[in-house]
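# Architecture at a glance
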Amino acid sequence: MSDAEQLGKIRDRIDAIDEQVHQLLNQRAEAAMEVARIKLSADPNAVFYRPEREAQVLRMVQKSVIKVRLMMRKSRVYFARSCRPVWL
């Protein structure tokens, strides 16, 4: 299999993962709306926005992003090292 074919397959896999992320974000938004509906049906004046919960979720996302960035940095370093010319 050529490099172009391998890259194409990997890019297709990345696209599929991106689609799954998009679907999961939509599912999460739907679940949050269900929570809001339930709370509002029980109490029309209910406060369902919780800044501390939002901060917790954002911290978790930030940790995930940092891990991804570290993995990408490591892969760039590995790639750069593997492509160095060897001088005899």
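Everything discussed here concerns the structure shown above.
What comes next concerns the included structure. (Residues numbered from 1 in each chain as written. Predicted model: local features only at pLDDT ≥ 70, side-chain atom pairs only at ≥ 80, totals over all residues. Heavy atoms only, no water.)

## With respect to the overall build of the chain
Along its length, the chain carries 2 helices and 0 strands. Counting all 88 residues of the chain, 3% fall into the buried class. Entry remark: accessible area of the chain is about 8,600 Å², with carbon and sulfur atoms responsible for 61%. (Helix = DSSP H or I, 4+ residues; strand = E, 2+ residues; numbered from the N terminus. Buried < 20%, exposed > 50% of the residue type's maximum accessible area, 1.4 Å probe, protein only. Areas by Shrake-Rupley, 256 points an atom, 1.4 Å probe, with all protein chains shown as cover.)

## Quick word on the pattern of salt bridges
Side chains that differ in charge, positive against negative, can pair when their charged atoms come close. One pass over the structure, following the stated rule, counts 1 salt bridge. In this structure, the salt-bridge partner of E52 is R50, at a minimum N-O distance of 3.0 Å. Since its relative accessible area comes to 49%, E52 is described here as partly exposed. (Salt bridge = Lys/Arg side-chain N within 4 Å of Asp/Glu carboxyl O.)

## Here we look at a nonpolar patch on the surface
Together, L7, I10 and I14 make up a nonpolar patch on the protein surface, roughly 240 Å² of accessible area in all. Within the element layout of this structure, I10 appears in helix α1 (residues 3-42). (Patch = residues over 30% accessible without salt bridge, like charges linked within 9 Å, V, L, I, M, F, W, Y side chains within 5 Å.)

## Things to note about a negative patch on the surface
A contiguous patch of negative charge on the surface is contributed by D12, D15, D18 and E19. Position of E19 among the secondary structure elements: in helix α1. (Lys, Arg positive; Asp, Glu negative; His and termini not counted. Charge placed at Lys NZ, Arg CZ, Asp CG, Glu CD.)

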